[in-house]
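A look at the structure
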Amino acid sequence: MQHQSPRPFPPGFLWGASTSAYQVEGAWNTDGKGPSVIDARTELPPGTADFTVASDHYHRFAEDIALFAELGLRAYRFSVAWSRVIPDGDGAVNPAGLAFYHRLIDALLAAGIEPIVTMYHFDLPQALQERGGWSRRATVDAFERYARVLVSEFGDKVRHWLTINEQNVMILFASALGLEPPRSSDPQRELYQQNHHMLVAQARAMRAVHEISPRGKVGPAPNIACVYPASSDPLDVVAAEDFSAIRNWLYLDAAVHGRYNTTAWAYLGERGWRPRIEPGDMEDLAAGRPDLVAFNYYTSHTVGAPRDDEPELGGSADQHLLVGEAGTYRGVSNPHLATNEFGWETDPVGFRTTFRQLYDRYRLPLLVTENGLGGRDVLEADGAVHDSYRIEYLGEHIAQMREALADGVDVLGYCPWSAIDLVSTHQGVAKRYGFIYVDRGEDDLRTLGRHRKDSFAWYQRVIAANGLSHSRDTALVPPHQG
Ligand code: BG6
């Protein structure tokens, strides 16, 4: 359906941008912070930046927030490093850790920028990991306690809370993130046990927000992407539905409806990967009740039915993120989509489809917490960074988000990845996403100076014009085309 008159973005729409603690803060062992599983990662290829200094946001947040204000951000979505606040995950609270986030949040509020806080973005405290991590029930209690500490401390300043970033990616692509479970005879089964514990922990954290902060709104933040069948062959359609259930709805049905998705539950049973469910768990899930669904979207997926003569692993993502599973679904590339330099397909229309699927299914306001393009940006001698490819990517996605608004979807805000350059999850600083360039290499920290990219001025105009809403307009077009 094509809308003749696009809907304007609503007043108060949260034009924002995102980061996560371990990718931007640095200061990995400063002021009492404990190590996280990220600090213990050993599988990064030699010559790839680690996360010890990252973008040094811990020490430069005031300068960064001044730039965010100049950009016009109305919201900044960031995560709290659990092990900065509770260094060993479930022991003493670190006052210096809390003080840092008070300074950060106060500076945002003073600049008129709404803080949107993710409680946990991949960086489990290493001390908890050494005691079994998410395989252990006690980690559920530790997360609930941590969530209660955060909401009690910051609840009068923070309105929007997100529980767990990309739980589905942690389960589906654990090895790419360095998050594989400790030795186990059946790692997949173990991962789904961990998944269940995270779902219960998340539900308890959502309940905690509602108990402690009457104005607080909370939701999950998975990576959600529409899944296309490779063809109109009914078996391909079933495979696409299976993958969507395994990738998307397993996580959100549990978070929103408090129950396991039927197809995903059948899949887990078929594989022998169903988790142990303790008494009280399903009641906890049912009591979770999110106020919104946040989601990250980079690309769609295309899958077909498994075939003996073709490998099951394939599709749009880089080699660490290929999809497919023998006997269930086969990842394929989508001939209608272009691929970026890191091997990810670009699908703005899939963004609209994903919005529609999410809203039809859950009828909760949607918040985009990540969307963006990794690129090998070049800092010119005059300090400029010409990233027209990023402007094009973001412009096309914003245009599709506007179509979704016209479709009737309730969208709260848009926080692309990333506010400022940071260290990618597994591809170092060479893969940049920010509106603000950070002058550092993989090992060479150089000046760590900040430079506005072309996309900075472009996004500034988009925000100032509230997404420009009256026509299929010029603000979304890269400068060289406008
Ligand atoms: C999401 C994560 O998976 O995608 C971010 O929440 C991540 O942490 C982003 O950085 C982009 O992925 P990558 O691998 O290119 O850094």
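Everything discussed here concerns the structure shown above.
A brief report on the enclosed structure follows. (Residues numbered from 1 in each chain as written. Predicted model: local features only at pLDDT ≥ 70, side-chain atom pairs only at ≥ 80, totals over all residues. Heavy atoms only, no water.)

Turning our eyes to something else, we now look at the overall build of the protein chain. If you tally the helices and strands in the protein chain, you get 14 helices and 16 strands. Along the three orthogonal principal directions, the C-alpha set of the protein chain runs to about 60 × 55 × 45 Å. The 482 residues of the protein chain split such that 61% are buried. At a minimum sequence separation of 6, the contacts of the protein chain that also span at least 24 residues come to 76%. Carbon and sulfur atoms provide 51% of the accessible area of the protein chain, an area that totals close to 17,500 Å². (Helix = DSSP H or I, 4+ residues; strand = E, 2+ residues; numbered from the N terminus. Buried < 20%, exposed > 50% of the residue type's maximum accessible area, 1.4 Å probe, protein only. Contact = heavy atoms within 4.5 Å. Areas by Shrake-Rupley, 256 points an atom, 1.4 Å probe, with all protein chains shown as cover.)

A word on the site of the ligand. Around the ligand, the structure places 15 residues, and the nearest of them are Gln 23, Glu 166, Thr 425, Lys 431 and Tyr 433. Between Gln 23 and the ligand, the recorded distance is 2.7 Å, taken from a side-chain N or O atom to an oxygen atom. Note that an oxygen atom of the ligand is positioned 2.8 Å from one of the side-chain N or O atoms of Glu 370. Within the complex, 96% of the 380 Å² of free accessible area of the ligand lies under protein. (Near = heavy atom within 4 Å. Polar contact = N/O pair within 3.5 Å; in protein donor to acceptor, adjacent residues only side chain to side chain.)

Turning to the environment of Pro 115, a few remarks are in order. Tracing the backbone shows Pro 115 in strand β3 (residues 114-120). Each C-alpha atom of the pair Pro 115 and Thr 346 lies 29 Å from the other, and the pair is 231 residues apart in sequence. With residues up to four places along the chain from it excluded, the contact list for Pro 115 reads Tyr 76, Phe 78, Ile 105, Leu 108, Leu 109, Lys 157, Val 158 and His 160.

One pass over the structure, following the stated rule, counts 33 salt bridges. Here Asp 407 makes a salt bridge to Arg 352, at a shortest N to O gap of 2.7 Å. Here the residue Asp 407 occupies a position in the loop between α13 (388-406) and β14 (411-414), and Arg 352 occupies one in helix α12 (residues 348-362), the gap between them amounting to 55 residues. We classify Asp 407 as partly exposed; its relative accessible area is 22%. Owing to a relative accessible area of 10%, Arg 352 belongs among the buried residues under this scheme. Across the pair Asp 421 and Arg 432 runs a salt bridge whose closest N-O atoms are separated by 2.5 Å. Placement of the pair is Asp 421 in the loop between β14 and β15 (436-438) and Arg 432 in the loop between β14 and β15, with a sequence separation of 11 residues. No difference in accessibility class separates Asp 421 from Arg 432, as the two residues are buried. Overlapping salt bridges, with partners in common, bring together Asp 141, Glu 144, Arg 148, Arg 204, Arg 207, Glu 211 and Asp 284 in one network. (Salt bridge = Lys/Arg side-chain N within 4 Å of Asp/Glu carboxyl O.)

A few words on the pairing of β14. Relative to β14, strand β1 (residues 14-18) is paired through two bridges, and the arrangement is parallel. What sits directly across from Trp 15, in β14, is Tyr 414. Where strand β13 (residues 366-370) lies against β14, three bridges are found, and the strand directions are parallel. Within β14, the position partnered with Leu 367 by the bridge is Gly 413. Tracing the backbone out of β13, into α13 and back to the parallel element β14 gives a crossover that is right-handed. (Pairing = 2+ DSSP bridges. Right-handed = clockwise from strand over helix to strand, strands pointing away.)

Moving on, we come to the packing of aromatic side chains. Applying the stated criterion across every chain yields a total of 34 aromatic pairs. Aromatic side chains Trp 82 and Tyr 120 sit 5.7 Å apart centroid to centroid with 80° between the ring planes, which places their arrangement in the edge-to-face category. Separated by 38 residues along the polypeptide, Trp 82 in helix α3 (residues 82-85) and Tyr 120 in strand β3 bring together distant segments of the chain. Stacked on the ring of Phe 100, the Lys or Arg Arg 84 has its end atom at 5.7 Å from the ring centre. (Phe/Tyr/Trp six-rings, centres within 6.5 Å; stacked < 30°, edge-to-face > 60°. Lys NZ or Arg CZ within 6 Å of the ring centre and 35° of its normal.)

Among the structural elements, Thr 299 can be located in the loop between β7 (293-296) and β8 (301-304). Its relative accessible area of 8% is what places Thr 299 among the buried residues. Separated by 2.5 Å, the side chain of Thr 299 and the backbone oxygen of Glu 345 make a polar contact. Sequence-distant contacts of Thr 299, defined by excluding residues within four places in its chain, comprise Ala 225, Ser 316, Glu 345 and Thr 346.

Let us look at the packing of helix α2 (residues 57-71) against helix α14 (residues 454-464). Helices that pack against each other are described as a pair by the angle of their axes relative to one another and the distance between those axes. The N-to-C vectors of α2 and α14 enclose an angle of 55°; their axes lie 8 Å apart at closest approach. With respect to α14, the axis of α2 lies oblique. Together, Leu 67, Glu 70 and Leu 71 of α2 and Phe 456, Tyr 459, Gln 460 and Ile 463 of α14 make up the contact between the two elements. (Axes fitted to C-alpha atoms, helices over the stretch in contact; angles between N-to-C directions. Parallel < 35°, antiparallel > 145°, perpendicular 65-115°, else oblique.)

For α14, every residue scored as buried is listed here: Ser 455, Phe 456, Trp 458, Tyr 459, Val 462 and Ile 463. All buried residues of α14 project into a common sector of 165° when viewed along the axis, lining one side. The elements touched by buried residues of α14 are β1, α2, α13, β14, β15 and β16 (450-452). Looking one or two residues beyond α14, the residue adopting positive phi is Asn 466, at roughly 50°. (Arc of directions from axis to C-beta.)

Another aspect to go through is the packing of helix α9 (residues 234-257) against α12. One way to put it is that α9 packs onto α12 with a least axis distance of 11 Å and a crossing angle of 35°. Pair α9 / α12 crosses with right-handed handedness. Each of Trp 249, Leu 252, Asp 253, Val 256 and His 257 in α9 lies in contact with α12, whose residues at this interface are Gln 357, Leu 358, Arg 361 and Tyr 362. A per-class count over the contact of α9 with α12 returns five nonpolar, two polar and two charged. (Left-handed = near helix turned anticlockwise from the far one by under 90°. Nonpolar A, V, L, I, M, F, W, Y, C, P; charged D, E, K, R; others polar.)

The terminal C-alpha atoms of α12 lie 22 Å apart, and with 15 residues this matches the ideal 21 Å at 1.5 Å per residue to within 8%. Restricting attention to buried positions, one finds in α12 the residues Pro 348, Gly 350, Phe 351, Arg 352, Thr 354, Phe 355, Leu 358, Tyr 359 and Tyr 362. Looking one or two residues beyond α12, the residue adopting positive phi is Arg 363, at roughly 50°. (Expected span 1.5 Å × (residues − 1).)

Judged by nonpolar contacts, the single largest core of 138 residues is most densely connected at Met 401 and Tyr 459. Those residues in contact with Met 401, other than ones at most four positions away along the chain, are Phe 9, Phe 13, Trp 15, Phe 351, Phe 355, Val 368, Val 411 and Tyr 414. Leu 14, Ala 75, Leu 292 and Cys 415 belong to the second largest nonpolar core, which has nine residues in total. (Core = buried A, V, L, I, M, F, W, Y, C linked by side-chain atoms within 4.5 Å.)

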